[in-house]
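Single-letter residue listing:
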Amino acid sequence: TIKPQSSVYGDDVIVKNDMFEVSGVIEGDDLKISLATDNAARYAGKYDIVGEWNNSNYNVTFVGGEKAYEITAKSIVVEIENKASFYGEKDVALSAIPKCELVYNDSLDSLGIKLVREEGKNAGTYAITLDSWTNKNYTITAENANYTVKRLTLRAIVANATSVYDDALANLTFTIEGSFAEGEN
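In this text the structure is predicted, and so the values were computed from the model without any measurement.

Q: Run through the sheet that holds strand β9 (residues 114-117), naming residues and quoting values.
A: Pairing is mixed across the open sheet formed by four strands, whose spatial order is β7-β12-β10-β9. Looking at strand neighbours, the two that pair on one side only are β7 (83-86) and β9, the edges of this open sheet. Put simply, the sheet's adjacent strands are angled 25 degrees from each other on average, direction ignored.

Q: Go over unusual backbone geometry, please, and point to the residues and values.
A: Phi at Asn105 takes a positive value of approximately 60 degrees, unusual for a residue other than glycine. Examined against the element boundaries, Asn105 turns out to sit in the loop between β8 (96-98) and β9. Taking the relative accessible area as the measure of exposure, Asn105 reaches 80% and is therefore exposed. Residue Asp166 is not a glycine yet carries a positive backbone phi of 80 degrees. Within the secondary structure, Asp166 is located in the loop between β13 (155-158) and β14 (174-177). Asp166 sits in the exposed class, given a relative accessible area of 70%.

Q: Tell me about the sheet that holds strand β3 (residues 45-47), and name the residues and values.
A: Strand order in the open sheet made by the three strands is β1-β5-β3, with mixed pairing throughout. Looking at the sheet topology across the chains shown, the edges are occupied by β1 (5-8) and β3. Each strand axis lies, on average, 20 degrees off the axis of its neighbour in the sheet, ignoring direction. One ladder, built from four bridges, connects β1 with strand β5 (residues 69-72); its direction is parallel. Counterpart to Ser7 in the pairing with β5 is Ile71.

Conventions used here
- Residues numbered from 1 in each chain as written.
- Predicted model: local features only at pLDDT ≥ 70, side-chain atom pairs only at ≥ 80, totals over all residues.
- Heavy atoms only, no water.
- Pairing = 2+ DSSP bridges.
- Helix = DSSP H or I, 4+ residues; strand = E, 2+ residues; numbered from the N terminus.
- Axes fitted to C-alpha atoms, helices over the stretch in contact; angles between N-to-C directions.
- Buried < 20%, exposed > 50% of the residue type's maximum accessible area, 1.4 Å probe, protein only.

Structure follows, in C-alpha cells:
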C-alpha cells in the first residue's frame, strides 16, 4: 500500500521510496520497489504515485497510489500599498507587493489579486483589503492599508468695502481661489 506524500508549490517534488507497506513477502527478500509521480506534478493539486518493482519472484499490485501525492499551495503575504487622492477625483489604482519571492517566474499579475477599498467619497480614511485571488498555487494573506481622500483647499478672499455712518451697509463680496470638485460650487 502506497502512503500519501506531499510538498509545497515551488519545492522539489520528491517521492520517497520508503513510503509504502508490503505484505506477503518472504523475510529477507527485496522487491526493489521504486515510486514516482507524473513528471508534470508541479502545480498545486493531487497526483498519482505509481510503483515499479524489480524482483521476478513476485507479482506486485500497488494500492493507494491514486491522488496520493499532494502539492499544497504556497503561503505568502502581500503588503497592500497606501493610496490617496483629493475629494472629487477618481480613485487611483490599488496595488500590493509580495513580501517574498514568487516561484517559477510567477508575477504579481499572475496571482490575480483583487483589492477593494471601503465605500466612501467624502474626505477621510478608508480601509483597503484583499478581496480575492485566482492563482490556486498560493494562499495569500495581506497586510491591509488605507486609502485617504484628502480635502480640497479653497481660499475665500473678501473684497474691502466701506460705508458711511447711518447709510445702508455696502454689499460684501468675495472670490474663491482653488478648484471645487466636479459638479460642486
